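The lines below spell out each chain.
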Amino acid sequence: MATAAATSVSEPEAESKAGPKAEGEEDEVKAAKTRRKVLSRAVTAETYKTIGPEWNPQEEGVSESDGDDEEYAMASSAESSPGEYEWEYDEEEEKNQLEIERLEEQLSINIYDYNCHVDLIRLLRLEGELTKVRMARQKMSEIFPLTEELWLEWLHDEISMAQDGLDREHVYDLFEKAVKDYICKFLWWCRLDLSLLLWIPMAGFLSPFDREQTFDSQLEKVHSLFRRQLAIPLYDMEATFAEYEEWSEDPVPESVIQNYNKALQQLEKYKPYEEALLQAEAPRLAEYQAYIDFEMKMGDPARVQLIFERALVENCLVPDLWIRYSQYLDRQLKVKDLVLSVHNRAVRNCPWTVALWSRYLLAMERHGVDHRVISVTFEKALNAGFIQATDYVEIWQAYLDYLRRRVDFKQDSSKELEELRATFTRALEYLKQEVEERFNESGDPSCMIMQNWARIEARLCNNMQKARELWDSIMTKGNAKYANMWLEYYNLERAHGDTQHCRKALHRAVQCTSDYPEHVCEVLLTMERTEGTLEDWDIAVQKTETRLARVNEQRMKAAEKEAALVQQEEEKAEQRKRSRAEKKALKKKRKTRGADKHRADEDDEKEWGDDEEELPSKRRRVENSVPPSGQTRDAEAETGPAERHTSVAVDPPSKQKEKAAALKRDVPRVPHDSSKDSITVFVSNLPYSLGEPDAKLRPLFEACGEVAEIRPIFSNRGDFRGYCYVEFKDEKSALQALELDRKMVEGRPMFVSPCVDKSKNPDFKVFRYSTALEKHKLFVSGLPFSCTKEELEEICKAHGTVKDLRLVTNRAGKPKGLAYVEYENESQASQAVMKMDGMTIRENVIKVAISNPPQRKVPEKPEARKAPGGPMVPRQIYGARGKGRTQLSLLPRALQRPSATPQAENGPAPSPAVTTSAATEAPKMSNADFAKLLLRK
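Residues numbered from 1 in each chain as written. Predicted model: local features only at pLDDT ≥ 70, side-chain atom pairs only at ≥ 80, totals over all residues. Heavy atoms only, no water.

Participant: Quick one: what's the story with the overall build of the protein chain, residue by residue and with numbers?
Facilitator: Helix and strand counts for the protein chain come out as 38 helices and 11 strands. Taken over 937 residues, the protein chain has a buried fraction of 33%. For the protein chain, the share of sequence-separated contacts (at least 6 apart) that also reach a separation of at least 24 residues comes to 63%. A total accessible area of about 58900 Å² is found for the protein chain, and carbon and sulfur atoms account for 52% of it. (Helix = DSSP H or I, 4+ residues; strand = E, 2+ residues; numbered from the N terminus. Buried < 20%, exposed > 50% of the residue type's maximum accessible area, 1.4 Å probe, protein only. Contact = heavy atoms within 4.5 Å. Areas by Shrake-Rupley, 256 points an atom, 1.4 Å probe, with all protein chains shown as cover.)

Now the structure itself:
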């Protein structure tokens, strides 16, 4: 294809050599040239609409016309003189060339880097490398489907440079490829317009009679298009019918009107689904799924295919949708070109999904595609960049199954059999070298590929020697301890080998098996009982008894060790229990002595400080023992504010206990009706300082629906305990209220969960986040605590479309340096892992990995802890918050009296007995004693 500059030079020469043309032919050529310009400008305008105002064809090195603009560009370049801008241009050009080389090298390493392809095409187009940009676009279109924007750019460039019939045919082929990737109305319109453009020059060579016939045939095609459209239920059919009546010179036929009325009736069935699509926002996957279910029930293959295509325009990166579409075509239509085209588009859109590649290979084999084409497709699958090691094992198994079905095993040796064996060898080397180095795991720990190879050699090739070699290799890879692996080998020998090798295999199994040795011993004795001699029986009995005795001895030792550990833990728990009881008794004794001494020192305290205000410590003691509100007001009214500050009566501990019990009886209990769990939500993790929870929470929950009642929970003293029940009028409002989970309330995340009676449903767990492998979600750790959600989202957006981002916080709402980032698809997530892992954010090196949360640990029941082998959990030993630090003395050092037994600083804590005696010797000091000590200084 000639360049634009070469064409502008060669056109005058061609015209001079051609000589005078017929007047009609010149008019046709001029008309064709005018239509080409109009089509090019239409593509340019649509590209501008699609991409946006930032797209400028002149900046990209593309002109909209092919004549005057080029002359103007050449004239302007001749008038411009070299100066300071030339050096800046050269520097920018050199920078672009270096970037182009880097992108080409990166694509040579990973050809499935989508963003790298787009950047390379943009730079080559900017530099005017026409040949290279065509090759780059061609290479990208072979691997990925191009978006509407990329196709419009490509078509604009090719239309602008098309000069002869071959160029226009090339543009037409590009339109054919473009309309196959996705449904695009504008591309279809341009394709139709280009068809007319190709037809007009040919019409100039026809006779007037032929031209008239051709025009009539084209006119009949337009009629048939109108009639076909009016027979299909489509939105706004009335406007199409009115347009047809206005365009047609003759009255509309009665058959067309009948078909039109039938289509209108059918449209009523489809309207609810179409209206749901209009009201929803992209990508509207749920609405499309419902529409697909409806169309599949109706059973019209054309409409099923159409709704799948419409859904894939917005959900082209959803593998499950491609799988469902291809499965429908494989089982229902079974049209070769259509089936293979959809499979090819599926793997181009979601190359990271191994299930799509496996189905593609099966479809190609099912429709008799050439072996070389299938082999090339398999090689593409290997380079697709799967996320899991098991994916590579699956694609190798699919290809090996295909090769096995090609072999005629009636022949001793054939080309297909040799290829199958060579492929088995290559598969094992690939899994060992490529997969294990990348994932640090084999992906095939049970050696399934090697097992299949051994079965094929034994059953189909009658080559037991090769099968035994393969099984020896399987056992050396850590599978010799499993009884099922030995029994699988024994069954293979039993079916295709001999008794001697069966006996040898079972003897080895008895010595090596560690999970179920009894089963292997039983199989050996059964075989010797039916087939062996007396000597064989004696040897088998001796070996099995020796092995089982050794196994039982090992099990007894392990059981004794576990029992000793359990007993040791029980003794420690009993010792801690006695220590707590002694401390509790000592604390109670101290309280009794303190109350007696307080009464004795009360007179001295009044004499020393009658006019002084009471100390803060005493004020806190008084406030802690809060009487009922009515009693407080009565006391204030009787004594007055002055007397209330000078004397406060403190009841003895026995009376304080009675008052606390009475107060506990007075606090109203909040009843909860378990029959209303479906319309009630449980709200927790609220601030304890939240005043009037009902008034502050009601506006939040009324946005979800009508609230019947909010029941906050208070302690015995009347303090808010941080949780409550919110009851709604209907179940729909309660379900909507669950979306308020983790909403901030006074700087603290509020937890909203379903209301479930744990006594009736002990296994109920509130589902919050997934604990399975999420290939499209990333787990980010090592973030600085000051990193905000917006800042992290800006970093992640550079590698794909971020659907959701969540910073992990503690119960108080403070960040923990962790985050979960959800992308649109697995490909974007895998690219982000490679580019973000090890990135530095504010001097913090972050770690990024595919989200694979561990399974939540279920706390052990008391019965399980008492059973042998049940380890004691530290949380259960020391309580919910670990070991307390109450051993520290809160008495100032200046007031501490020397004890008989000195303690080393920062040394171990003394025994309970020493602590008890020391505490007994230290007398309690009143407020007056503290005041006297201060006055002495």
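Participant: Can you tell me about the pattern of salt bridges, naming the residues and giving the values?
Facilitator: Close approach of charged atoms allows side chains with opposite charge to pair. This model, assessed by the stated rule, comprises 33 salt bridges. For D330, the salt bridge goes to R366, with nearest N and O atoms at 3.9 Å. Taken together, the residues D330 in helix 15 (residues 319-333) and R366 in helix 17 (residues 354-366) connect sequence positions 36 residues apart. Ionic contacts of the salt-bridge type, sharing partners, join the residues K676, E709, R711 and E727 into one network. (Salt bridge = Lys/Arg side-chain N within 4 Å of Asp/Glu carboxyl O.)

Participant: Describe the nonpolar core, with residues and values.
Facilitator: In terms of nonpolar packing, the biggest core is built from 108 residues, with W322, W357, Y392, I395, W396, L420 and W471 touching the most fellow members. Counting residues per element, this core draws most heavily on helix 19 (residues 389-406), which supplies nine residues. Once you skip the residues sitting within four places of it in the chain, W322 turns out to touch L312, C316, V342, R345, A346, N349, C350 and L356. Membership of the second largest hydrophobic core comes to 19 residues, among which are L697, F701, V707 and A737. (Core = buried A, V, L, I, M, F, W, Y, C linked by side-chain atoms within 4.5 Å.)

Participant: I'd like a rundown of helix 34 (residues 826-836), residues and numbers included.
Facilitator: What helix 34 keeps buried is the set E826, Q828, A829, Q831, A832, V833 and M836. Looking at the buried residues of helix 34, the elements they touch are strand 6 (774-781), helix 33 (789-797), strand 8 (815-823) and strand 11 (847-851). Where helix 34 begins, the side chain of N825 points an oxygen toward the backbone nitrogen of Q828, at a separation of 2.8 Å. Directly beyond the C-terminal end of helix 34, a positive phi value near 90 degrees is found at G838. (Polar contact = N/O pair within 3.5 Å; in protein donor to acceptor, adjacent residues only side chain to side chain.)

Participant: Hey, could you go over the sheet that holds strand 6 for me, with residue numbers and the actual values?
Facilitator: On the basis of which strands lie adjacent, the open sheet formed by four strands has the order 7-8-6-11 and antiparallel pairing. Whereas interior strands pair on both sides, the edge strands pair on one side only; in this sheet they are strand 7 (802-809) and strand 11. The average undirected angle you get between the axes of adjacent strands in this sheet is 25 degrees. Two strands pair when backbone bridges link them, and strand 6 and strand 11 are joined in this way by five bridges, in the antiparallel orientation. (Pairing = 2+ DSSP bridges. Axes fitted to C-alpha atoms, helices over the stretch in contact; angles between N-to-C directions.)

Participant: Break down the sheet that holds strand 3 (residues 720-728) for me, with residues and values.
Facilitator: The antiparallel open sheet is built from five strands, whose spatial order is 2-3-1-5-4. With partners counted over all chains shown, the strands left at the sheet margins are strand 2 (707-714) and strand 4 (743-745), one partner each. Each neighbouring strand pair of the sheet contributes to a mean axis angle of 30 degrees, computed without reference to strand direction. Relative to strand 3, strand 1 (residues 680-684) is paired through four bridges, and the arrangement is antiparallel. Opposite V683, over in strand 3, you have C724 as the bridge partner. Against the sheet, helix 31 (residues 693-702) contacts strand 1, strand 2, strand 3, strand 4 and strand 5 (748-754), and its axis sits at roughly 140 degrees relative to strand 2.

Participant: So what's going on with the packing of helix 22 (residues 464-479) against helix 23 (residues 483-496)? Which residues, and what values?
Facilitator: Relative to each other, helix 22 and helix 23 sit at 175 degrees, their axes nearing to 11 Å. Compared by their axis directions, helix 22 and helix 23 come out roughly antiparallel. Contacts from M464, A467, R468, W471, I474, M475 and N479 in helix 22 reach M485, W486, E488, Y489, L492, E493 and H496 in helix 23. (Parallel < 35°, antiparallel > 145°, perpendicular 65-115°, else oblique.)

Participant: Give a detailed account of the pairing of strand 5, specifying residues and quantitative values.
Facilitator: The buried count for strand 5 comes to five of seven residues, which makes it a mostly enclosed element. As judged from the four bridges shared by strand 1 and strand 5, these two strands associate in the antiparallel manner. By the bridge assignment, F682 is partnered in strand 5 with S753. In this sheet, strand 5 lies alongside strand 4 in antiparallel orientation, the contact comprising three bridges. Opposite K743, over in strand 5, you have M750 as the bridge partner.

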